Structures are given as C-alpha cells and as structure tokens.
Amino acid sequence: MSRLIIRLGIGLLFAIFGLINYFGHVTENPVTGEQQRVQLSPKQEIVLGRQSRDRMIERHNGLYPDPILQAYINRVGNRIVKKSTVSYSTYPFQFYLLQDKRTVNAFALPGGQVFLTAALLSRLNSEAQLAGVLGHEVAHVVARHGAEHLAKQQLGAAISHAVTIAASDSSESARQTAILARAINQMINLKYGRQDELESDRLGVRFMIEAGYNPRGIMELMKILDAANKGAKPPEFFSTHPDPGNRISKILAIIQQKFPNGIPKKLEIGKTRFRKIVGSRL
Ligand SMILES: [Zn+2]
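No experiment lies behind these values; they were computed from the predicted model shown. (Residues numbered from 1 in each chain as written. Predicted model: local features only at pLDDT ≥ 70, side-chain atom pairs only at ≥ 80, totals over all residues.)

Helix and strand counts for the chain stand at 13 helices and five strands. Within the chain, the fraction of its 282 residues that count as buried is 40%. By sequence separation, contacts in the chain at least 24 residues apart represent 73% of the contacts at least 6 residues apart. (Helix = DSSP H or I, 4+ residues; strand = E, 2+ residues; numbered from the N terminus. Buried ≥ 20, exposed ≤ 12 C-beta atoms within 10 Å, placed from the backbone. Contact = placed C-beta atoms within 7 Å.)

Time to look at the packing of helix α5 (residues 127-142) against helix α10 (residues 216-229). Between α5 and α10, the shortest axis-to-axis distance is 7 Å and the interhelical angle comes to 80°. In terms of their interaxial angle, α5 and α10 are classed as roughly perpendicular. Between α5, through Ala-128, Gln-129, Ala-131, Gly-132 and Val-133, and α10, the contact on the second element is made entirely by Arg-216, Gly-217, Ile-218, Glu-220 and Leu-221. Broken down by class, the residue content of the contact of α5 with α10 amounts to five nonpolar, three polar and two charged. (Axes fitted to C-alpha atoms, helices over the stretch in contact; angles between N-to-C directions. Parallel < 35°, antiparallel > 145°, perpendicular 65-115°, else oblique. Nonpolar A, V, L, I, M, F, W, Y, C, P; charged D, E, K, R; others polar.)

All right, on to the sheet that holds strand β3 (residues 94-98) then. Taken in spatial order, the three strands line up as β3-β5-β4 in an open sheet, and their pairing is mixed. The strands lining the two open edges of the sheet, one partner per strand, are β3 and β4 (106-109). Taking the axes of each pair of neighbouring strands and ignoring which way they run, one obtains an average angle of 20° across the sheet. (Pairing = 2+ DSSP bridges.)

All right, on to helix α8 (residues 174-188) then. Taking 1.5 Å per residue as the helical rise, α8 with its 15 residues ought to reach 21 Å, and the 21 Å between its terminal C-alpha atoms agrees with that figure. If you check which residues of α8 are buried, you get Ile-179, Leu-180, Ala-183, Ile-184 and Met-187. All buried residues of α8 project into a common sector of 135° when viewed along the axis, lining one side. Within α8, the exposed residues directed more than 90 degrees away from the buried face are Ala-174, Arg-175, Ala-178 and Asn-185. Buried residues in α8 make contact with α2 (42-59), β4, α6 (145-152) and α7 (156-167). (Expected span 1.5 Å × (residues − 1). Arc of directions from axis to C-beta.)

Counting residues in each nonpolar core, the largest one holds 69 residues, and the members touching the most others are Ile-80, Ala-131, Leu-134, Val-138, Ala-183 and Met-208. The element contributing the most residues to this core is α5, with nine residues. Beyond its immediate chain neighbours, meaning those up to four positions away, Val-138 contacts Ile-80, Val-81, Val-86, Phe-93, Val-114 and Phe-207. (Core = buried A, V, L, I, M, F, W, Y, C linked by C-beta atoms within 7 Å.)

Packed helices, taken two at a time, are described by their axes: the angle between them and the distance between them. Running from N to C, α5 and helix α9 (residues 194-210) cross one another at 120°; their axes reach a closest spacing of 8 Å. Of the possible angle classes, the one that applies to α5 and α9 is oblique. In this structure, the crossing between α5 and α9 has a hand that is right-handed. Contacts from Ala-131, Gly-132, Gly-135, His-136, Val-138, Ala-139 and His-140 of α5 reach α9 at Ser-200, Asp-201, Leu-203, Gly-204, Phe-207 and Met-208. (Left-handed = near helix turned anticlockwise from the far one by under 90°.)

Functional significance is not addressed by these values, which are geometric in nature.
What follows is the structure in structure tokens.
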C-alpha cells in the first residue's frame, strides 16, 4: 500500500516537474514580440536545424544541381532577411533548392534552414511569388514554431540537453543519440497547425513588403497552389501547411488593411528577372 503511495507520489512529482518545465520557460520573441514557451535556445535550434538539414536534402533527391539557381534562391531569401524586421533575429539563414520534381512544397527547419522543391519553383512565374514562399518559411523560423512544437510535446527539455551534448565534444550516450534522432525526425516531418500557418502568413506578408516585394505575389502563389489542389494530385504544401481557402481571404484582408488605397507601384513583382534566370534553367 505504502509503495503504491510512493509510486503515485513520484509520478505526481514528475507530472508537476513536467508542467513547471513547460510553463516555466517563457521568453519574449524579439521579432514577433510574442511570449513563448520553449526550452531550446536559439543556438540549440541552429544546431538541431543543421543536424536535420542533410536528412531533408536526402529525402528530396538532393540539391538541385545548378549553382546559378541556388544563388538566386539565396539572393531572394537574403533580401527578405536583411531588409525586413527579420534582420533583428540572430539566425544564420540558408536557402536551398531541392531537386525533387514531384513534391510541390517548401519547408523550414529551426535555426534558419529554408528549402523549396524544384516542383514548387516550376509553378511560379515571378520573384514576388518566390519571395512569398520564402517569406512565409522565414516566418516559421523567427516565430520559432519548431521549438514551440517540441515544447508542446514535452520534448523540449530532453532535446535541449541532447542538442547541447551533440554540439559539444563530449561523447553522446545511446539515450541522447536516440533523443536527438527523434527530434530530427519530428522536425523533418513537422506539420504546422492552423494558428502557426496564419501567423506565418501574416509575418511573411510583412517581411516581403518590408523587403520591397509586391504582396500580390503571395496571393498569386496561394491561388496557383489552390488551383493545383483541385487537381488529381494536390500539392503537398497543403498537407504540411493546412487550410488554403481561408488563408487566401485572410492574406487579402491584411494587404487591404495595410494599403487601403492600393498597393504602391514601387513594390516589385520581378517577372522579367525571374523568367530570365529560372525560365531557362528549370
Ligand atoms: Zn507554413
């Protein structure tokens, strides 16, 4: 009887410890201003993202073998990062074009690794549309949706420890290796919730406008994907980034609120440049 009580007591202590761990780590996000519950530090997110990067690249048939296209993706991505509020974040962003010609999708890993597939790029026809994709993915990074996801699953503390060990020279135990593998797996297969998507849409629109891109690009992107969604093989983008219809109207409302008198002409669409660089290479 008393053993049972001790066991229950220990169980209860662990539960309380878990709750304190979850609710105890509240930090303010420097870009979104939001109060967040995450256990991973930005440095640990960067390590986790780097550890997951190769798996992501492997899964999508490797990198697209064209340095000019890779450089272009990086240039557009970096313009968003450097010329918007994202510049306040400390994440070292990197942008990759994946060779996958079938999966229409884009991804972000914690810490600044951003990817899009050749299949998605081939459906676009302007730089503003590309900026729309990359701005949205960058938003997932700065809003720390991956770290939030791990915290919600009560995995944050364990992973935080495993990542620290992985980043140091000390040898990893089998348990830590397993935890890290689990975290990498979670990040590679991450499906965001509706709220995360809406937040990334909102931030992505803001970032692309700050970087001088016409937000019509993100509307066009959503419409292209939505049209494809009605076809025989819907784009995977919507399985990892849910709820297209509702998102389009919400994005439109954000743009109209920001520019009640119409979108300023100086904001760039970049159709010619896009066609010149991407058109002949994909
Ligand atoms: Zn998303």
